[in-house]
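As a plain string of letters, each chain reads:
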Amino acid sequence: MTATPTLEMLDPATLTVDINVRKDAALTADFIASIKEHGVMEPVIAHRKEDGTVHVLMGQRRTRAAVEAGRDSIPVMIIDSPEEAERIVTQVVENIQRAELTEADEADAYHQLSLIGVSAAAIAKKTGRTKTTVESALKAKSTETGAAALGKGYTVEEALILAEFESDEEATAELESVIMDEPGMLLHVTQQLRDKRDRAAALAALTAELEAAGTIIVPECGYGEDSETLRVTSLKRADGEPATDEDGNAVYIETDYRGEHSTVAVVTGWKDLGFTLRYYSGYGTSSAPKGPMTEEQKAERKTLIENNKLMQSVLLTELHRRVWIRVLRRGGPRGRSAAQTARGTDWPNGDRRGSPKTGGPLALRRHRRQGARDRGLLSVPP
(Lines give C-alpha, C1' and ligand atoms only; values in the text may rest on other atoms or scores of the structure.)
Protein backbone atom coordinates (compact mmCIF):
# COMPACT_ATOMS: atom_id res chain seq x y z
CA MET A 1 0.00 0.00 0.00
CA THR A 2 1.42 3.35 -1.02
CA ALA A 3 1.56 6.26 1.38
CA THR A 4 -0.63 9.30 0.83
CA PRO A 5 1.26 12.13 -0.90
CA THR A 6 2.09 14.97 1.50
CA LEU A 7 2.55 18.65 0.76
CA GLU A 8 5.58 20.34 2.33
CA MET A 9 7.18 23.78 2.05
CA LEU A 10 10.89 23.22 1.37
CA ASP A 11 13.91 25.33 0.50
CA PRO A 12 14.45 24.84 -3.25
CA ALA A 13 18.23 25.04 -2.75
CA THR A 14 18.08 21.79 -0.73
CA LEU A 15 16.33 19.83 -3.48
CA THR A 16 18.14 17.57 -5.90
CA VAL A 17 17.40 18.39 -9.52
CA ASP A 18 18.44 16.33 -12.52
CA ILE A 19 19.01 19.13 -15.04
CA ASN A 20 19.26 16.63 -17.91
CA VAL A 21 15.70 15.42 -17.41
CA ARG A 22 14.31 18.34 -19.39
CA LYS A 23 16.58 19.80 -22.04
CA ASP A 24 14.19 22.64 -22.88
CA ALA A 25 14.14 23.94 -19.32
CA ALA A 26 15.95 27.16 -20.22
CA LEU A 27 15.40 29.81 -17.59
CA THR A 28 14.32 33.14 -19.03
CA ALA A 29 14.56 36.44 -17.18
CA ASP A 30 10.79 36.87 -17.38
CA PHE A 31 10.14 33.45 -15.87
CA ILE A 32 12.56 34.06 -12.99
CA ALA A 33 11.01 37.49 -12.36
CA SER A 34 7.56 35.92 -12.23
CA ILE A 35 8.71 33.30 -9.72
CA LYS A 36 10.40 36.01 -7.66
CA GLU A 37 7.22 38.09 -7.51
CA HIS A 38 4.54 35.42 -7.23
CA GLY A 39 6.40 32.35 -6.05
CA VAL A 40 5.80 28.81 -7.27
CA MET A 41 2.03 28.50 -7.65
CA GLU A 42 1.83 24.76 -8.44
CA PRO A 43 3.64 22.18 -6.26
CA VAL A 44 6.59 20.31 -7.71
CA ILE A 45 6.54 16.53 -7.38
CA ALA A 46 9.43 14.92 -5.51
CA HIS A 47 10.49 11.69 -3.79
CA ARG A 48 12.40 11.50 -0.50
CA LYS A 49 15.11 8.86 -0.64
CA GLU A 50 16.33 6.74 2.26
CA ASP A 51 19.25 9.11 2.95
CA GLY A 52 16.77 11.98 3.40
CA THR A 53 17.52 13.82 0.17
CA VAL A 54 14.53 15.02 -1.82
CA HIS A 55 14.74 14.30 -5.56
CA VAL A 56 12.53 16.39 -7.90
CA LEU A 57 10.57 14.28 -10.39
CA MET A 58 8.32 16.93 -11.96
CA GLY A 59 8.89 20.66 -11.85
CA GLN A 60 12.65 20.91 -12.33
CA ARG A 61 12.38 24.23 -14.18
CA ARG A 62 10.29 25.83 -11.44
CA THR A 63 12.71 24.57 -8.81
CA ARG A 64 15.73 26.00 -10.59
CA ALA A 65 13.95 29.32 -11.18
CA ALA A 66 13.04 29.51 -7.47
CA VAL A 67 16.71 29.06 -6.58
CA GLU A 68 17.71 31.80 -9.02
CA ALA A 69 14.97 34.08 -7.66
CA GLY A 70 16.13 33.54 -4.06
CA ARG A 71 12.85 32.07 -2.82
CA ASP A 72 13.10 30.65 0.70
CA SER A 73 10.55 27.90 0.17
CA ILE A 74 8.31 26.35 -2.48
CA PRO A 75 5.44 23.85 -2.26
CA VAL A 76 6.61 20.27 -2.78
CA MET A 77 4.35 17.24 -3.10
CA ILE A 78 6.24 14.28 -1.57
CA ILE A 79 5.17 10.95 -3.06
CA ASP A 80 6.02 7.42 -1.98
CA SER A 81 8.13 6.42 -5.01
CA PRO A 82 9.24 7.71 -8.40
CA GLU A 83 6.68 5.41 -10.01
CA GLU A 84 3.88 7.07 -8.02
CA ALA A 85 3.89 10.21 -10.20
CA GLU A 86 3.39 8.21 -13.38
CA ARG A 87 0.71 6.14 -11.64
CA ILE A 88 -1.24 9.29 -10.80
CA VAL A 89 -0.98 10.54 -14.39
CA THR A 90 -2.06 7.18 -15.82
CA GLN A 91 -5.03 6.93 -13.47
CA VAL A 92 -6.30 10.39 -14.32
CA VAL A 93 -5.82 9.83 -18.05
CA GLU A 94 -7.81 6.57 -17.83
CA ASN A 95 -10.62 8.44 -16.08
CA ILE A 96 -10.65 11.09 -18.81
CA GLN A 97 -10.88 8.48 -21.55
CA ARG A 98 -13.90 6.80 -20.02
CA ALA A 99 -17.19 7.28 -21.83
CA GLU A 100 -19.83 9.83 -20.77
CA LEU A 101 -17.51 12.11 -18.82
CA THR A 102 -18.95 15.62 -18.55
CA GLU A 103 -16.89 18.67 -19.42
CA ALA A 104 -16.82 19.49 -15.71
CA ASP A 105 -15.37 16.03 -14.96
CA GLU A 106 -12.69 16.49 -17.60
CA ALA A 107 -11.82 19.93 -16.26
CA ASP A 108 -11.41 18.43 -12.79
CA ALA A 109 -9.11 15.76 -14.20
CA TYR A 110 -6.99 18.31 -16.07
CA HIS A 111 -6.78 20.33 -12.87
CA GLN A 112 -5.50 17.29 -10.95
CA LEU A 113 -2.79 16.76 -13.53
CA SER A 114 -1.78 20.42 -13.48
CA LEU A 115 -1.41 20.29 -9.69
CA ILE A 116 1.26 17.63 -9.98
CA GLY A 117 3.19 19.61 -12.55
CA VAL A 118 1.90 18.23 -15.86
CA SER A 119 1.76 20.97 -18.52
CA ALA A 120 -1.26 21.64 -20.73
CA ALA A 121 0.68 20.41 -23.77
CA ALA A 122 1.55 17.15 -21.99
CA ILE A 123 -2.05 16.67 -20.85
CA ALA A 124 -3.27 17.20 -24.41
CA LYS A 125 -0.76 14.67 -25.74
CA LYS A 126 -1.65 12.03 -23.14
CA THR A 127 -5.43 12.46 -23.44
CA GLY A 128 -5.77 13.04 -27.17
CA ARG A 129 -7.41 16.42 -26.63
CA THR A 130 -6.26 19.66 -28.24
CA LYS A 131 -4.06 21.99 -26.24
CA THR A 132 -6.69 24.74 -26.61
CA THR A 133 -9.34 22.49 -25.07
CA VAL A 134 -7.12 21.71 -22.10
CA GLU A 135 -6.08 25.33 -21.60
CA SER A 136 -9.70 26.52 -21.73
CA ALA A 137 -10.74 23.96 -19.13
CA LEU A 138 -7.84 24.88 -16.83
CA LYS A 139 -8.65 28.59 -17.22
CA ALA A 140 -12.30 28.00 -16.33
CA LYS A 141 -11.29 25.86 -13.35
CA SER A 142 -8.81 28.48 -12.10
CA THR A 143 -11.49 31.09 -11.36
CA GLU A 144 -14.04 30.92 -8.57
CA THR A 145 -16.93 31.77 -10.87
CA GLY A 146 -15.79 29.35 -13.56
CA ALA A 147 -15.32 26.50 -11.09
CA ALA A 148 -18.76 27.17 -9.60
CA ALA A 149 -20.32 27.14 -13.09
CA LEU A 150 -18.68 23.81 -13.92
CA GLY A 151 -20.00 22.47 -10.63
CA LYS A 152 -23.53 23.39 -11.78
CA GLY A 153 -23.09 21.34 -14.94
CA TYR A 154 -22.32 24.19 -17.33
CA THR A 155 -19.98 23.62 -20.26
CA VAL A 156 -16.42 24.94 -20.29
CA GLU A 157 -17.41 27.62 -22.82
CA GLU A 158 -20.30 28.76 -20.62
CA ALA A 159 -18.09 28.73 -17.53
CA LEU A 160 -15.44 30.87 -19.29
CA ILE A 161 -18.06 33.40 -20.34
CA LEU A 162 -19.45 33.65 -16.81
CA ALA A 163 -15.91 34.00 -15.44
CA GLU A 164 -15.24 36.81 -17.92
CA PHE A 165 -18.08 38.84 -16.39
CA GLU A 166 -17.70 37.71 -12.77
CA SER A 167 -17.25 41.29 -11.54
CA ASP A 168 -20.53 42.39 -13.15
CA GLU A 169 -23.44 40.91 -11.21
CA GLU A 170 -26.05 42.25 -13.62
CA ALA A 171 -24.30 40.75 -16.65
CA THR A 172 -23.75 37.43 -14.87
CA ALA A 173 -27.44 37.19 -13.97
CA GLU A 174 -28.44 37.93 -17.56
CA LEU A 175 -26.02 35.33 -18.95
CA GLU A 176 -27.25 32.63 -16.58
CA SER A 177 -30.82 33.41 -17.64
CA VAL A 178 -29.86 33.07 -21.31
CA ILE A 179 -28.04 29.77 -20.65
CA MET A 180 -31.13 28.36 -18.99
CA ASP A 181 -33.79 29.73 -21.37
CA GLU A 182 -32.14 30.51 -24.73
CA PRO A 183 -28.72 28.82 -24.96
CA GLY A 184 -28.61 29.43 -28.70
CA MET A 185 -28.48 33.17 -28.05
CA LEU A 186 -25.55 32.98 -25.61
CA LEU A 187 -22.81 34.10 -27.99
CA HIS A 188 -24.94 36.94 -29.34
CA VAL A 189 -25.83 38.23 -25.86
CA THR A 190 -22.21 37.81 -24.75
CA GLN A 191 -21.01 39.99 -27.63
CA GLN A 192 -23.60 42.62 -26.76
CA LEU A 193 -22.32 42.67 -23.18
CA ARG A 194 -18.72 42.93 -24.38
CA ASP A 195 -19.65 45.84 -26.64
CA LYS A 196 -21.43 47.54 -23.75
CA ARG A 197 -18.44 46.97 -21.48
CA ASP A 198 -16.04 48.31 -24.11
CA ARG A 199 -18.17 51.41 -24.63
CA ALA A 200 -18.26 52.05 -20.89
CA ALA A 201 -14.49 51.61 -20.65
CA ALA A 202 -13.93 53.96 -23.60
CA LEU A 203 -16.21 56.56 -22.01
CA ALA A 204 -14.39 56.27 -18.67
CA ALA A 205 -11.01 56.62 -20.39
CA LEU A 206 -12.15 59.68 -22.36
CA THR A 207 -13.64 61.27 -19.25
CA ALA A 208 -10.44 60.68 -17.28
CA GLU A 209 -8.34 62.17 -20.08
CA LEU A 210 -10.50 65.30 -20.24
CA GLU A 211 -10.53 65.76 -16.47
CA ALA A 212 -6.76 65.36 -16.32
CA ALA A 213 -6.47 68.17 -18.86
CA GLY A 214 -8.72 70.38 -16.73
CA THR A 215 -11.58 70.33 -19.23
CA ILE A 216 -15.06 70.95 -17.88
CA ILE A 217 -17.55 68.24 -18.86
CA VAL A 218 -21.27 69.05 -18.86
CA PRO A 219 -23.84 66.25 -18.47
CA GLU A 220 -26.26 67.63 -21.07
CA CYS A 221 -26.47 70.06 -23.94
CA GLY A 222 -29.64 71.78 -25.13
CA TYR A 223 -30.79 73.26 -28.42
CA GLY A 224 -33.03 76.26 -27.76
CA GLU A 225 -32.62 79.68 -26.25
CA ASP A 226 -33.90 78.49 -22.89
CA SER A 227 -31.00 76.05 -22.54
CA GLU A 228 -28.12 77.04 -20.30
CA THR A 229 -25.61 75.17 -22.49
CA LEU A 230 -25.43 75.18 -26.30
CA ARG A 231 -23.02 73.93 -28.92
CA VAL A 232 -20.62 76.48 -30.34
CA THR A 233 -22.01 75.69 -33.81
CA SER A 234 -25.34 77.12 -32.67
CA LEU A 235 -23.90 80.44 -31.47
CA LYS A 236 -22.51 83.75 -32.69
CA ARG A 237 -20.01 85.86 -30.85
CA ALA A 238 -20.76 89.41 -29.76
CA ASP A 239 -19.08 90.67 -32.94
CA GLY A 240 -21.55 88.67 -35.04
CA GLU A 241 -19.02 86.07 -36.20
CA PRO A 242 -19.82 82.36 -35.83
CA ALA A 243 -18.47 80.85 -32.61
CA THR A 244 -15.65 78.30 -32.95
CA ASP A 245 -14.31 75.52 -30.74
CA GLU A 246 -11.88 78.01 -29.21
CA ASP A 247 -14.87 79.93 -27.84
CA GLY A 248 -16.14 76.91 -25.93
CA ASN A 249 -15.73 76.81 -22.16
CA ALA A 250 -16.75 73.17 -21.72
CA VAL A 251 -17.39 69.97 -23.66
CA TYR A 252 -20.28 67.59 -23.96
CA ILE A 253 -19.56 63.89 -24.57
CA GLU A 254 -21.74 62.64 -27.38
CA THR A 255 -22.43 58.96 -28.16
CA ASP A 256 -23.49 57.99 -31.68
CA TYR A 257 -25.64 55.05 -32.76
CA ARG A 258 -22.54 52.82 -32.99
CA GLY A 259 -21.67 53.52 -29.37
CA GLU A 260 -18.60 55.61 -30.24
CA HIS A 261 -17.88 58.65 -28.07
CA SER A 262 -16.75 62.10 -29.18
CA THR A 263 -16.54 65.54 -27.61
CA VAL A 264 -18.54 68.58 -28.67
CA ALA A 265 -17.40 72.09 -27.76
CA VAL A 266 -20.13 73.96 -25.91
CA VAL A 267 -20.64 77.26 -24.16
CA THR A 268 -22.34 77.14 -20.79
CA GLY A 269 -23.90 80.41 -19.65
CA TRP A 270 -23.76 81.68 -23.22
CA LYS A 271 -26.20 84.57 -22.72
CA ASP A 272 -24.18 86.09 -19.89
CA LEU A 273 -21.06 85.83 -22.03
CA GLY A 274 -22.59 87.86 -24.86
CA PHE A 275 -23.31 85.05 -27.34
CA THR A 276 -26.45 84.98 -29.46
CA LEU A 277 -28.19 82.25 -31.46
CA ARG A 278 -26.66 81.67 -34.86
CA TYR A 279 -29.87 80.25 -36.29
CA TYR A 280 -33.49 80.32 -35.20
CA SER A 281 -34.11 76.74 -34.15
CA GLY A 282 -37.72 76.87 -33.06
CA TYR A 283 -36.66 75.58 -29.65
CA GLY A 284 -37.27 77.60 -26.56
CA THR A 285 -40.67 78.91 -27.67
CA SER A 286 -43.71 78.67 -25.47
CA SER A 287 -44.74 75.42 -27.14
CA ALA A 288 -41.39 73.75 -26.45
CA PRO A 289 -40.47 72.19 -23.09
CA LYS A 290 -38.38 74.57 -21.02
CA GLY A 291 -35.54 73.94 -18.60
CA PRO A 292 -33.35 70.86 -18.23
CA MET A 293 -34.67 67.37 -18.89
CA THR A 294 -36.44 65.64 -16.06
CA GLU A 295 -35.16 62.32 -14.71
CA GLU A 296 -37.99 60.56 -16.54
CA GLN A 297 -37.02 62.20 -19.83
CA LYS A 298 -33.37 61.27 -19.27
CA ALA A 299 -34.39 57.65 -18.59
CA GLU A 300 -36.53 57.57 -21.77
CA ARG A 301 -33.66 58.99 -23.83
CA LYS A 302 -31.22 56.45 -22.38
CA THR A 303 -33.63 53.61 -23.17
CA LEU A 304 -34.06 54.88 -26.73
CA ILE A 305 -30.28 54.99 -27.28
CA GLU A 306 -29.82 51.46 -25.87
CA ASN A 307 -32.64 50.09 -28.05
CA ASN A 308 -31.07 51.68 -31.13
CA LYS A 309 -27.72 50.04 -30.32
CA LEU A 310 -29.34 46.64 -29.79
CA MET A 311 -31.27 46.94 -33.04
CA GLN A 312 -28.07 47.80 -34.91
CA SER A 313 -26.29 44.77 -33.43
CA VAL A 314 -29.17 42.48 -34.43
CA LEU A 315 -29.35 43.90 -37.96
CA LEU A 316 -25.58 43.59 -38.51
CA THR A 317 -25.57 39.99 -37.26
CA GLU A 318 -28.47 39.07 -39.54
CA LEU A 319 -26.86 40.86 -42.51
CA HIS A 320 -23.58 38.99 -42.05
CA ARG A 321 -25.45 35.69 -41.75
CA ARG A 322 -27.46 36.25 -44.95
CA VAL A 323 -24.43 37.40 -46.94
CA TRP A 324 -22.41 34.32 -46.07
CA ILE A 325 -25.32 31.95 -46.67
CA ARG A 326 -25.71 33.50 -50.11
CA VAL A 327 -21.99 33.20 -50.81
CA LEU A 328 -21.82 29.58 -49.70
CA ARG A 329 -24.93 28.62 -51.66
CA ARG A 330 -23.55 30.14 -54.86
CA GLY A 331 -20.34 28.10 -54.71
CA GLY A 332 -20.44 25.59 -57.61
CA PRO A 333 -19.10 22.03 -57.72
CA ARG A 334 -16.64 22.68 -60.56
CA GLY A 335 -13.70 23.84 -58.46
CA ARG A 336 -14.82 27.44 -58.00
CA SER A 337 -14.37 28.78 -54.50
CA ALA A 338 -17.16 30.58 -52.65
CA ALA A 339 -15.09 33.78 -52.78
CA GLN A 340 -14.70 33.50 -56.55
CA THR A 341 -18.42 32.88 -56.95
CA ALA A 342 -19.18 35.88 -54.74
CA ARG A 343 -17.00 38.05 -56.99
CA GLY A 344 -18.97 36.85 -60.00
CA THR A 345 -15.97 35.20 -61.68
CA ASP A 346 -13.81 32.11 -61.49
CA TRP A 347 -10.82 33.90 -63.05
CA PRO A 348 -7.68 34.08 -60.85
CA ASN A 349 -7.45 37.12 -58.57
CA GLY A 350 -10.79 38.44 -59.80
CA ASP A 351 -9.40 39.23 -63.27
CA ARG A 352 -12.29 40.71 -65.25
CA ARG A 353 -11.34 41.01 -68.90
CA GLY A 354 -12.68 44.25 -70.25
CA SER A 355 -13.87 43.71 -73.85
CA PRO A 356 -16.05 41.29 -75.79
CA LYS A 357 -13.08 40.46 -78.00
CA THR A 358 -11.13 39.11 -75.00
CA GLY A 359 -14.19 37.30 -73.72
CA GLY A 360 -15.23 39.65 -70.88
CA PRO A 361 -19.05 39.90 -70.95
CA LEU A 362 -19.47 36.64 -72.87
CA ALA A 363 -17.28 34.72 -70.46
CA LEU A 364 -19.16 36.20 -67.53
CA ARG A 365 -22.50 35.16 -68.99
CA ARG A 366 -21.16 31.66 -69.71
CA HIS A 367 -19.97 31.47 -66.13
CA ARG A 368 -23.38 32.42 -64.79
CA ARG A 369 -25.21 29.98 -67.09
CA GLN A 370 -22.87 27.21 -66.01
CA GLY A 371 -23.57 28.04 -62.37
CA ALA A 372 -27.31 27.84 -63.05
CA ARG A 373 -26.89 24.43 -64.72
CA ASP A 374 -24.83 23.23 -61.77
CA ARG A 375 -27.70 24.07 -59.48
CA GLY A 376 -30.32 22.52 -61.77
CA LEU A 377 -31.94 25.86 -62.56
CA LEU A 378 -31.17 25.90 -66.30
CA SER A 379 -31.41 23.12 -68.86
CA VAL A 380 -30.03 24.83 -71.99
CA PRO A 381 -26.94 23.28 -73.58
CA PRO A 382 -23.50 24.83 -72.86
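Residues numbered from 1 in each chain as written. Predicted model: local features only at pLDDT ≥ 70, side-chain atom pairs only at ≥ 80, totals over all residues. Heavy atoms only, no water.

Caption draft 1: Geometry of helix H8 (residues 156-164). Three or more residues of H8 are buried, namely Val-156, Glu-158, Ala-159, Ile-161, Leu-162 and Ala-163. Against the buried residues of H8 lie helix H4 (103-115), helix H6 (131-142), helix H7 (144-151), helix H9 (169-181) and helix H10 (186-212). (Buried < 20%, exposed > 50% of the residue type's maximum accessible area, 1.4 Å probe, protein only. Helix = DSSP H or I, 4+ residues; strand = E, 2+ residues; numbered from the N terminus. Contact = heavy atoms within 4.5 Å.)

Caption draft 2: Summary view of the pattern of salt bridges. According to the stated counting rule, one finds twelve salt bridges in the structure shown. The shortest N-O distance in the salt bridge between Glu-254 and Arg-231 comes to 2.7 Å. A residue pair is termed long-range when its members are at least 10 positions apart, and Glu-254 in strand S8 (residues 250-255) and Arg-231 in strand S6 (residues 229-231) qualify at 23 residues. Glu-254 sits in the partly exposed class, given a relative accessible area of 28%. (Salt bridge = Lys/Arg side-chain N within 4 Å of Asp/Glu carboxyl O.)

Caption draft 3: Region of the structure containing the nonpolar core. One finds Val-134, Leu-150 and Leu-175 to be the most contacted residues of the largest nonpolar core, which totals 31 residues. Secondary-structure elements contributing two or more residues to this core are strand S4 (74-79), H4, helix H5 (120-127), H6, H7, H8, H9 and H10. Setting aside residues no more than four positions away along its own chain, Leu-175 makes contact with Ile-161, Leu-162, Phe-165, Leu-186, Val-189, Thr-190 and Leu-193. Core analysis: the second largest hydrophobic core is formed by 15 residues, Leu-10, Ala-46, Ile-74 and Val-76 among them. (Core = buried A, V, L, I, M, F, W, Y, C linked by side-chain atoms within 4.5 Å.)

Caption draft 4: Representation of the packing of H8 against H9. Two numbers describe how H8 lies on H9: the axes approach to 9 Å, and their chain directions differ by 160°. As judged from the angle between their axes, H8 and H9 are roughly antiparallel. Two packed elements cross with a definite hand, and for H8 against H9 that hand is right-handed. Contacts between H8 and H9 involve Glu-158, Ile-161 and Leu-162 from the first element and Thr-172, Leu-175, Glu-176 and Ile-179 from the second. Here the residues of the contact of H8 with H9 sort into four nonpolar, one polar and two charged. (Axes fitted to C-alpha atoms, helices over the stretch in contact; angles between N-to-C directions. Parallel < 35°, antiparallel > 145°, perpendicular 65-115°, else oblique. Left-handed = near helix turned anticlockwise from the far one by under 90°. Nonpolar A, V, L, I, M, F, W, Y, C, P; charged D, E, K, R; others polar.)

Caption draft 5: Geometry of the packing of aromatic side chains. Under the criterion given, the structure shown has zero aromatic pairs. A cation sits over an aromatic face here: Arg-61 above Phe-31, 3.9 Å from the ring centre. (Phe/Tyr/Trp six-rings, centres within 6.5 Å; stacked < 30°, edge-to-face > 60°. Lys NZ or Arg CZ within 6 Å of the ring centre and 35° of its normal.)

Caption draft 6: How the structure looks around the sheet that holds S6. Spatially, four strands are ordered S5-S8-S9-S6 in an open sheet, and the strand pairing comes out mixed. Whereas interior strands pair on both sides, the edge strands pair on one side only; in this sheet they are strand S5 (217-218) and S6. Sheet topology note: the S5/S8 ladder contains two bridges and is parallel. If you follow Ile-217 over to S8, its bridge partner there is Val-251. Relative to strand S9 (residues 261-268), H10 is tilted by about 40°, and along the sheet it contacts S5, S8 and S9. (Pairing = 2+ DSSP bridges.)

Caption draft 7: Highlighting the sheet that holds strand S3 (residues 54-58). Read across the sheet, four strands follow the order S1-S4-S2-S3 without closing on themselves; strand pairing throughout is mixed. Both outer strands of the open sheet, strand S1 (6-10) and S3, are each paired with one neighbouring strand and no more. Strand after strand, the sheet turns through a mean of 45° between neighbouring axes, direction not considered. As paired elements, S1 and S4 share five bridges and run antiparallel to each other. Of the residues in S4, the one forming a bridge with Met-9 is Pro-75. Those strands touched by helix H2 (residues 60-69) are strand S2 (44-48), S3 and S4, and its axis lies near 125° from that of S3.

Caption draft 8: Layout of the environment of Val-232. Looking at the element boundaries, Val-232 is found in the loop between S6 and strand S7 (235-236). A relative accessible area of 3% means that Val-232 is categorised as buried. Separated by twelve residues in sequence, Val-232 and Thr-244 place their C-alpha atoms 5.9 Å apart.

Caption draft 9: Inspection of a negative patch on the surface at higher detail. Taken together, the side chains of Asp-168, Glu-169, Glu-170 and Glu-174 define an acidic patch exposed on the protein surface. Of note, Glu-170 is situated in helix H9. (Patch = residues over 30% accessible without salt bridge, like charges linked within 9 Å, V, L, I, M, F, W, Y side chains within 5 Å. Areas by Shrake-Rupley, 256 points an atom, 1.4 Å probe, with all protein chains shown as cover. Lys, Arg positive; Asp, Glu negative; His and termini not counted. Charge placed at Lys NZ, Arg CZ, Asp CG, Glu CD.)

Caption draft 10: Quick look at H5. For H5, the set of buried residues is Ala-120, Ile-123, Ala-124 and Thr-127. Along the long axis of H5, the arc covered by the buried residues comes to 100°, so they all point the same way. Just beyond H5, the residue with positive phi is Gly-128, at close to 80°. (Arc of directions from axis to C-beta.)

Caption draft 11: Spatial organisation of the confidence of the model for the protein chain. On average, residues of the protein chain score 78 in pLDDT, and 74% of them are at 70 or above. Low pLDDT (under 50) marks residues 19-24, which in the prediction has three contacts with non-local residues, meaning those over four places away or in another chain. Counted against residues more than four places away or in other chains, residues 283-289, with its pLDDT under 50, gives ten contacts. (pLDDT = per-residue confidence, 0-100.)

Caption draft 12: Local environment of the side chain of Arg-199. With respect to the helices, strands and loops of the structure, Arg-199 is situated in helix H10. For Arg-199, a relative accessible area of 17% gives the class buried. Non-local contacts of Arg-199, meaning those with residues more than four positions away in its chain, are made with Arg-258, Gly-259, His-261, Glu-306 and Lys-309.

Caption draft 13: Structural detail: the packing of H9 against H10. Following both chains from N to C, one finds H9 and H10 inclined at 165°, their axes separated by 10 Å at the closest point. As far as their axial angle goes, H10 and H9 are roughly antiparallel. Considering only the axes of H9 and H10, their crossing is right-handed. Note on element contacts: H10 touches H9 through Leu-186, Val-189, Thr-190, Leu-193 and Lys-196, opposite Glu-170, Ala-171, Glu-174, Leu-175, Val-178 and Ile-179. Considered class by class, the residues forming the contact of H9 with H10 number seven nonpolar, one polar and three charged.

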